[in-house]
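Report on the structure
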Amino acid sequence: MELVHLTLEQGHELAMRCLLVSGCDRENATAVAQRMIQAEGDKCHSHGLFRLPWYCHAVKSGRANGKARPRIEQLAPAVIRVDGDNGFAPLGQTLGHPALVACARQNGIASLALVNMFHIAAMWPEVEALAIDGLCAFAFTASYPYMAPAGGKTPLYGTNPMGFAWPRQDQPPLVFDQASSAMARGEIEICARDGRSVPETAGVGPDGKPTTEPNEVLAGAQLGFGGYKGASLALMIELLAGALIGDFLSFESLADDAGMAGPPKGGEFMIAIDPAKHGDPHGFLQRGERLFSAILAQQGTRLPSSRRFTNRVVTAQHGFHIPQRLYQQIMALQ
Ligand code: NDP
């Protein structure tokens, strides 16, 4: 596959130009471009520039508000809500972060409901930022119905991801961020684009039979990781990031899209916990480190997020690559 090399700065500039031309104002474009390039920086390509054409079309078509002004509201002493004003998620997330940190520090625990926004992408940027501020964090979101419930063959749940982060002293936090499906949809789309097969556990075709052909899985239904266990986590996330906070369930989000094939509109539910206000304020960091050392003492292990942190260092120095075809698609957006 032919590739185009970009520095992070070039990638950011490219994203900014496309988003501005498509109808975003500078504040919204900056928040989206930063989040996309953050993903490229960690080599999480399925949330990087790959998404740019999708976002630009959503603004051009009038589906997403490129000039959104998210609003923040305190619903209870430890509950905050940010209404994204029908814009893309990153601006609302940026607004919600300091409020959630302050609220968790004050109460020991706090939640943030982000609603009325488009495409809550990867969970790690939000939870990692909270752990850098010394908090333990969870994040959940739903999307479009891509995944069958346990035993079923028809898409109902999103591939609903969950993120978790734990603060560490003098080093980046411990973070994991994973879909509740066997594979993230973006990864399957990338396999389809690049002509690669997917594992048989990824999903079933429209005939309900397991397949390794990515386009068949995209047309059929994805499956939960670990069978019914992943499906139950997806179910929980539908309830937390949809029913609980008053935003869409995955199938409601698809109905709202009404065939426009835009990014999913919906909500995100986050919980932040201040360890200083729990059982072991002076020892929790050391206890965490004891556990991490014990994990790493076993051959073949690594900590979740270590791949991203290594990538981040390399990419900052050497930049990243995108497929030539995507580059051409992006150039045509300007
Ligand atoms: P992966 O399976 O690639 O990784 C899941 C987590 O496991 C990561 O934190 C990863 O860390 C960690 N990990 C991977 N291998 C190991 C290992 N050998 N030992 C320890 N930890 C390991 O992620 P998914 O494919 O499930 O999801 C990819 C992204 O897509 C996520 O960011 C997710 O939020 C996003 N997504 C978004 C959706 C949406 O609707 N918005 C839907 C589904 C997914 P590391 O990063 O360091 O490899």
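1. Brief notes about the packing of aromatic side chains
All told, the structure shown has seven aromatic pairs when counted by the stated rule. Each ring, one from phenylalanine 138 and one from phenylalanine 140, has its centre 6.5 Å from the other, and the planes form 10 degrees; the classification is stacked. Put simply, the rings of Phe138, Phe140, Phe164 and Phe176 touch in pairs and so form one group of aromatic residues. For the cation-ring pair, arginine 308 lies above tryptophan 124, with the distance from its terminal atom to the ring centre recorded as 4.1 Å. If you follow arginine 308 out to its NZ or CZ, it ends over the ring of phenylalanine 309, 5.1 Å from the centre.

2. Considering the pattern of salt bridges
Taken as a whole, this structure holds 17 salt bridges when the rule is applied. Between aspartate 257 and arginine 63 there is a salt bridge whose closest N-O contact spans 3.7 Å. Remark: arginine 63 occurs in the loop between α3 (52-60) and β2 (71-76) and aspartate 257 occurs in helix α9 (residues 250-257); sequence separation between them is 194 residues. On the accessibility criterion, aspartate 257 (2% relative accessible area) is buried.

3. Points about the side chain of glutamine 222
Mapped onto the secondary structure, glutamine 222 falls in strand β9 (residues 221-222). A polar contact is formed between the side chain of glutamine 222 and the backbone oxygen of methionine 183, at a distance of 2.7 Å.

4. Topic: the site of the ligand
In the region of the ligand, 22 residues are neighbours, and Ile120, Ala121, Asp177, Ala179 and Arg307 sit closest. Within the side chain of arginine 302, a nitrogen or oxygen atom sits 2.9 Å from an oxygen atom of the ligand. In this structure, an oxygen atom belonging to the ligand sits 3.5 Å away from a main-chain N or O atom of arginine 308. Within the residue set of the shell around the ligand, elements represented by two or more residues are β7 (174-178) and α11 (306-318). For the shell around the ligand, the element with the highest residue contribution is β7, accounting for four residues. For the shell around the ligand, the per-class residue count stands at 11 nonpolar, seven polar and four charged.

5. Some thoughts on the environment of lysine 265
Secondary-structure assignment places lysine 265 in strand β10 (residues 265-273). Sequence separation between lysine 265 and serine 253 is 12 residues, and the spatial gap between their C-alpha atoms is 5.9 Å. Setting aside residues up to four positions removed in sequence, lysine 265 forms contacts with Arg63, Asn86, Asn116, Met117, Phe118, Phe248, Ser253 and Asp256. A polar atom in the side chain of lysine 265 sits 3.2 Å from the side chain of asparagine 116.

The rules behind the values
- Residues numbered from 1 in each chain as written.
- Predicted model: local features only at pLDDT ≥ 70, side-chain atom pairs only at ≥ 80, totals over all residues.
- Heavy atoms only, no water.
- Phe/Tyr/Trp six-rings, centres within 6.5 Å; stacked < 30°, edge-to-face > 60°.
- Lys NZ or Arg CZ within 6 Å of the ring centre and 35° of its normal.
- Salt bridge = Lys/Arg side-chain N within 4 Å of Asp/Glu carboxyl O.
- Helix = DSSP H or I, 4+ residues; strand = E, 2+ residues; numbered from the N terminus.
- Buried < 20%, exposed > 50% of the residue type's maximum accessible area, 1.4 Å probe, protein only.
- Polar contact = N/O pair within 3.5 Å; in protein donor to acceptor, adjacent residues only side chain to side chain.
- Near = heavy atom within 4 Å.
- Nonpolar A, V, L, I, M, F, W, Y, C, P; charged D, E, K, R; others polar.
- Contact = heavy atoms within 4.5 Å.

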